[in-house]
Amino acid sequence: MQQSVEQFKEYLEALEKPLNVTLELRILWDRNYYPAARGVQGQNVIDVWLDGTKVATGGPIGEDPGEKSGKICEVNIIEEKLQETFELRVRIVEKDLFFDDEGGEGAAFFTLKDLSRKDGEIPLSSADFSNVQNRAIFSIISGFPNEPELPPWTP
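Note that the structure is predicted; figures quoted are calculated from it, not measured. (Residues numbered from 1 in each chain as written. Predicted model: local features only at pLDDT ≥ 70, side-chain atom pairs only at ≥ 80, totals over all residues. Heavy atoms only, no water.)

Caption draft 1: Expanded view of the overall build of the protein chain. Counting its secondary structure elements, the protein chain contains two helices and eight strands. When the helices and strands of the protein chain are read in sequence order from the N terminus, they spell out α-β-β-β-β-β-β-α-β-β. Taking 15 Å as the expected radius of gyration for a compact globule of 155 residues, we find that the protein chain reaches 19 Å, considerably beyond that expectation. Taken along the three principal axes of its C-alpha coordinates, the protein chain extends 70 × 30 × 20 Å. Buried positions account for 40% of the 155 residues belonging to the protein chain. At a minimum sequence separation of 6, the contacts of the protein chain that also span at least 24 residues come to 65%. Side chains of the protein chain give 16 positive and 28 negative charges; the mean places of these two sets differ by 2 Å. (Helix = DSSP H or I, 4+ residues; strand = E, 2+ residues; numbered from the N terminus. Rg over C-alpha atoms; globule rule 2.2 N^0.38 Å. Buried < 20%, exposed > 50% of the residue type's maximum accessible area, 1.4 Å probe, protein only. Contact = heavy atoms within 4.5 Å. Lys, Arg positive; Asp, Glu negative; His and termini not counted. Charge placed at Lys NZ, Arg CZ, Asp CG, Glu CD.)

And the structure:
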């Protein structure tokens, strides 16, 4: 029992320290999002800001209306405490030969504690497509301490 309790104590201590966590961004494409002609994929570029600073760009990538994309990019959250709030902002721009289309933009505030429990989701509203709302989905993929299992207490 002592070893399990020591591992759990180390886990709790790790949560008190600043964490370096990597997030993965995926896009849930709205089923009505067709920035190019139907049947032709667009060239979507996705930018991500962390607390107002641009930290990642993904793409160009084609959309798959009604489906979730694969990994777009990674975002590193450096020296962040478990309960500290940070802002993530995402913008999709579909690049065309003559003009660009806004595929959606949005922002939300998160904590690492929130993201450790469930994926963070940001609705992305578009000025160019009134019936479309793509969604940015952030998941922790590394750097967050794994909670060790405690066996049932035995005296």
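Caption draft 2: View of the side chain of S139. With respect to the helices and strands, the residue S139 is situated in strand 8 (residues 133-142). Within the structure, the side chain of S139 is placed 2.9 Å from the side chain of D119, a separation counted as a polar contact. For S139, the residues in contact, after removing those within four places along its chain, are T22, L23, E24 and D119. (Polar contact = N/O pair within 3.5 Å; in protein donor to acceptor, adjacent residues only side chain to side chain.)

Caption draft 3: Representation of the pairing of strand 1 (residues 19-28). Of all ten residues that make up strand 1, seven are buried, and the element is covered over most of its length. Bridge analysis of strand 1 against strand 4 (residues 73-80) gives six bridges, and the strand direction is antiparallel. Following the sheet pairing, L25 is matched in strand 4 by C73. The pairing of strand 1 with strand 8 spans seven bridges and is antiparallel. (Pairing = 2+ DSSP bridges.)

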